[in-house]
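A closer look at the structure
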Amino acid sequence: MALNPPPPSLSILGEKKPYSQLPLMKKAVSYLSFVQADSRTRTRTHDNPHTAPTPALSRSSSATTSLEDIFLNEDDDNSCLVNPNTPPMSEEVSTTPHTEFGHCANEAYRYVSKHDYTKPFLEHVIEEPPFYVHFGTYISFIILYTLGYLRDLFGKYFTKSHFIHLEHHDGYAPLDSKFDSFLRRRLKRRIDDCYCQPITGVPGRTVHILDRYSPDYNITQIYTGGKTCALNLSSYNYLAFSQGHGGWADAVTESIRQYGVSSCGTRLGSGSNDLHVLAEALIARFMGTEDALVCSMGFATNSTFIPALAGKGSLIISDELNHTSMRVGIRQSGAEIRIFKHNNMSSLESILREVISQGQPKTHRAWKKIVVIVEGLYSMEGTLLNLPKIVELKQKYKFYLYIDEAHSIGSLGSRGRGVTDYFNVPPGSIDVLMGTFSKGFGAAGGYISGAKSLIDALRLRSHSGPYAEAIPPSVITQVFVSMASIMCVAPAPQPTESMPFPCFDSSIVAPKKSVEEFPGMVSASMLPTWMILRPSLADGSEARMRMRRLAFNCRYLHAGLKKLGFVVYGHASSPIIPLLIFNPGKLGLFVRMMRARPIPIAVVVVTYPATSFLAGRARLCPSASHTKEDIDTVLRACDEVGGILGMRYGSCERWGIDEVCERAVELVHSV
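Rules and cut-offs
- Residues numbered from 1 in each chain as written.
- Predicted model: local features only at pLDDT ≥ 70, side-chain atom pairs only at ≥ 80, totals over all residues.
- Heavy atoms only, no water.
- Helix = DSSP H or I, 4+ residues; strand = E, 2+ residues; numbered from the N terminus.
- Buried < 20%, exposed > 50% of the residue type's maximum accessible area, 1.4 Å probe, protein only.
- Areas by Shrake-Rupley, 256 points an atom, 1.4 Å probe, with all protein chains shown as cover.
- pLDDT = per-residue confidence, 0-100.
- Contact = heavy atoms within 4.5 Å.
- Phe/Tyr/Trp six-rings, centres within 6.5 Å; stacked < 30°, edge-to-face > 60°.
- Lys NZ or Arg CZ within 6 Å of the ring centre and 35° of its normal.
- Expected span 1.5 Å × (residues − 1).
- Patch = residues over 30% accessible without salt bridge, like charges linked within 9 Å, V, L, I, M, F, W, Y side chains within 5 Å.
- Salt bridge = Lys/Arg side-chain N within 4 Å of Asp/Glu carboxyl O.
- Pairing = 2+ DSSP bridges.
- Axes fitted to C-alpha atoms, helices over the stretch in contact; angles between N-to-C directions.
- Right-handed = clockwise from strand over helix to strand, strands pointing away.
- Left-handed = near helix turned anticlockwise from the far one by under 90°.
- Core = buried A, V, L, I, M, F, W, Y, C linked by side-chain atoms within 4.5 Å.
- Polar contact = N/O pair within 3.5 Å; in protein donor to acceptor, adjacent residues only side chain to side chain.

Thoughts on the overall build of the protein
Each helix and strand counted, the protein has 22 helices and 16 strands in total. Taken over 671 residues, the protein has a buried fraction of 55%. Of the roughly 30,300 Å² of accessible surface on the protein, a fraction of 57% belongs to carbon and sulfur atoms.

A look at the confidence of the model for the protein
Summarising the model, the protein shows a mean pLDDT of 83, and 82% of its residues fall at 70 or more. Between residues 1-26, whose pLDDT stays under 50, and residues either more than four places distant or in other chains, the model counts 43 contacts. Residue range residues 38-78 is modelled with pLDDT below 50. Its contacts to residues more than four positions away, or to other chains, number 80 contacts.

Some remarks on unusual backbone geometry
Cis rather than trans, the peptide bond between Y608 and P609 has omega equal to 10°. Position of P609 among the secondary structure elements: in the loop between β15 (604-606) and β16 (616-620). Despite not being glycine, N218 shows a phi value in the positive range, around 70°. Here N218 shows up in the loop between β2 (206-213) and β3 (222-232). A positive phi angle, near 55°, is found at N424, a position not held by glycine. For N424, the position within the fold is in the loop between α12 (419-423) and β9 (432-436). A relative accessible area of 66% places N424 in the exposed class.

With respect to the packing of aromatic side chains
Tallied over the full model, the rule gives 18 aromatic pairs. Arranged with centres 5.9 Å apart and planes meeting at 45°, the rings of F552 and Y556 form a pair that is tilted. Residue F552 and its partner Y556 are both found in helix α18 (residues 541-563); the two are separated by four residues, about one turn of the helix. For the pair F552 and Y556, a shared accessibility class is recorded, and that class is buried. An aromatic cluster is defined as three or more aromatic residues linked by ring pairs; in this entry it consists of F141, Y145, Y149, F182, Y608 and F613. Over the ring of F101 we find R546; its NZ or CZ atom is 4.0 Å from the centre of that ring.

Description of helix α15 (residues 473-487)
Here α15 spans 21 Å end to end across 15 residues, near enough to the 21 Å set by a 1.5 Å rise per residue. Most of α15 sits out of view: 15 of its 15 residues are buried. The first or second residue beyond α15 is C488, which carries a positive phi of 80°.

Things to note about α18
Helix length check: α18 (23 residues) gives 33 Å between terminal C-alpha atoms against 33 Å at 1.5 Å per residue, within 8%. Extensive coverage of α18 is indicated by the burial of 19 of its 23 residues.

Some points on a nonpolar patch on the surface
Together, F131, F135, Y138, I139, I142, I143, L147, L150, L153, F154, Y157 and F158 line one region of the surface with nonpolar side chains, adding up to about 1,400 Å² of accessible area. With respect to the secondary-structure elements, L147 resides in helix α4 (residues 131-158).

What to know about the environment of V425
With respect to the secondary-structure elements, V425 resides in the loop between α12 and β9. Its relative accessible area of 12% is what places V425 among the buried residues. In this view, V425 contacts Y117, L387, V391, T420 and I430; residues no more than four positions away in its chain are not counted.

Quick notes on the sheet that holds strand β13 (residues 577-582)
Strand order in the open sheet formed by three strands is β13-β16-β15, with antiparallel pairing between adjacent strands. Either end of the sheet is taken by a strand with one partner, and the two such strands are β13 and β15. Sheet twist, expressed as the mean angle between neighbouring strand axes with direction ignored, is 30°. As paired strands, β15 and β16 are joined by three bridges and run antiparallel to one another. Bridged to V605 within β16 is A618.

Some details on the pairing of strand β8 (residues 400-404)
For β8, a buried count of four out of five residues is recorded, marking the element as mostly surrounded by other parts of the structure. This β-α-β element, strand β7 (residues 370-375) to helix α11 (residues 387-397) to β8, shows right-handed connectivity.

So, the packing of helix α6 (residues 247-259) against α15
For the pair α6 and α15, interaxial distance at closest approach is 8 Å and the crossing angle is 145°. Of the two elements, α6 crosses α15, and the hand of that crossing is right-handed. Residues G247, W248, A251, V252, S255, I256 and Y259 of α6 form the contact with α15, whose participating residues are P473, S474, T477, Q478, V481, S482 and S485.

A word on the sheet that holds β3
With mixed pairing, the four strands of this open sheet are ordered in space as β1-β2-β3-β14. Edge positions in the sheet fall to β1 (199-200) and β14 (601-602), since each of these pairs with one other strand and no more. Sheet topology places β2 next to β3; seven bridges connect them, and they run antiparallel. Bridging across to β3, I209 finds its partner in T228.

Some details on the pairing of strand β5 (residues 315-319)
Most of β5 sits out of view: five of its five residues are buried. Burial along β5 is two-sided: the residues L315, I317 and D319 and I316 and S318 are all buried. Bridge count for β5 against strand β6 (residues 336-340) is five bridges, and the pairing is parallel. Bridge pairing links I317 to R338 in β6. A crossover links β5 with its parallel partner β6, the connecting element being helix α9 (residues 324-333), and its sense is right-handed. One ladder, built from four bridges, connects β5 with β7; its direction is parallel. Paired with L315 across the strands is I370, a residue of β7.

Let's talk about the nonpolar core
Ranked by internal contacts, the top residues of the largest apolar core, which has 80 residues, are I317, L387, I390 and F437. What L387 contacts, discounting residues up to four positions off in sequence, is I403, V419, T420, F423, V425 and I430. Counting 49 residues, the second largest nonpolar core, distinct from the first, contains I577, A618, I631 and V668.

Observations concerning the environment of Y649
Structurally, Y649 is set in the loop between α20 (628-645) and α21 (657-662). Judged by its relative accessible area of 8%, Y649 is buried. Measuring from C-alpha to C-alpha, the distance between Y649 and I581 comes to 9.1 Å, with 68 residues separating the pair along the chain. One polar contact links the side chain of Y649 to the main-chain carbonyl oxygen of G646, over a distance of 2.8 Å.

Set out below in structure tokens:
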């Protein structure tokens, strides 16, 4: 990939006009021509000091500009992405850059995430688009495949050098399969400019995208040196805890002074320190379980711990849309595998009856154990697990239940405890609770929470213990601050003879007295002695505000898109909002058109193999850092772009965009 572009030539387009001065474009062709002209302009003028600067909402800066200058120098950019429309009243909140966390003091734009038991749990129904949409999608794929295979057929005869890696040569077999290579070259490469968009800075309310262009149809990407400031709807920073300023960043900085950058070892070796031990006790307290175990990677948490839970003679029943990390772990376990329809409890019960009555294949002996593995919030569909029903089935059929809460922990429930908190189900009724730190806590890694006997076995039997690098101290400190701010910090209990000093045993848990005296809170003695939290973090007010803002933003964006006529999957409270596009030709157009708007918006599109061929989609991820005005901006952009691309396939009652924005609070409380 080229990093140094050739010397720029003089632009034939002259001075670049701001986006706000351009006429409203009603056709996708106009958008495309505009984006192409804009890309050429950036490429040819980025090194010319005499050309006009980039627009207010697409700030360019040199590679040597510091992050402090990018985010805090407001003189360079007087846009709504940098300066709030209404200045914040709180001195503490105002110290956070508006680009990282949007200032919103209106208490009407808050919502408490919890299940209303006065209403029945609504099973998610997949809304199918009209027949012509599927037909057009099939035709598009047929055209792409036909043209791609024709190009390969002629290319193998006329440009053989480009296909050497797919043929046997010099006695070597090809490493890449022909089908995978075809998908990468003939399908994905067409929209490679929409994937793997490099960013810089904090992935908060806004994100800075590195500008790039391709002179050879996306084979290589050349970086121009400029940056585009865009509204961020593409990151998993749900509660916006991953910040460059504030109490989280201060604690992480201090942890580096205390512990350095890395533990330089495995958990079973020399890499386990007191931060890991205290963090596991804190996680167990947070989840309401006896013990917990942390892992340095969320993917590895599933793929290395599941094989330690089940083996030959066991049965694993998995949801058909479980994450790849869970599928890898299930395959490695060696257990028998059965799949049930996505979030369909009738399908699950039918399989349970069959496998319990029939037993193991051939011998018909009873299974050693049956483990049902599901997700609390499905990462690609945004659907919410029907937890009350599956717990009812668990009590009836006596299977073990494993729940992956990667996307639900921190983002669901009135106390941020995930699906158990959302449905008010006791955590003790679930055998294994898994989660990650990269979504709700702004860190990295994962955890397993459950009974102490289970956790002790997993420490030795899983591959992550003896082989995986321990979580760096700075990352585990971020988990400490985020989790403690959600729980609230209670005053440290007075030391007694029975508890003269905190014990750093691998299975440390909160003292019994502390649990009864401060229900749901964390004692200050469970935190490192050097960690001093700001008042708004210690009393939980900051975290509560963020959780309620996230819940409002998710429900508003989800309901608003449906009222505008789009097909939207998932639960109303989900921070993952799949906006169905279907046609592969529209995926790249949607990303480019959203990025070319007066207020650029960074979005992510997903297609095969992450989804089926017919279900290509944009995955929008609002966070607590977004304001109500930000969601208005996204809805207006989707309304305009969706109208141009013909994406309104929904069948529900439709409202105008102005009505949606004006009745936002009503929408949030009605879904």
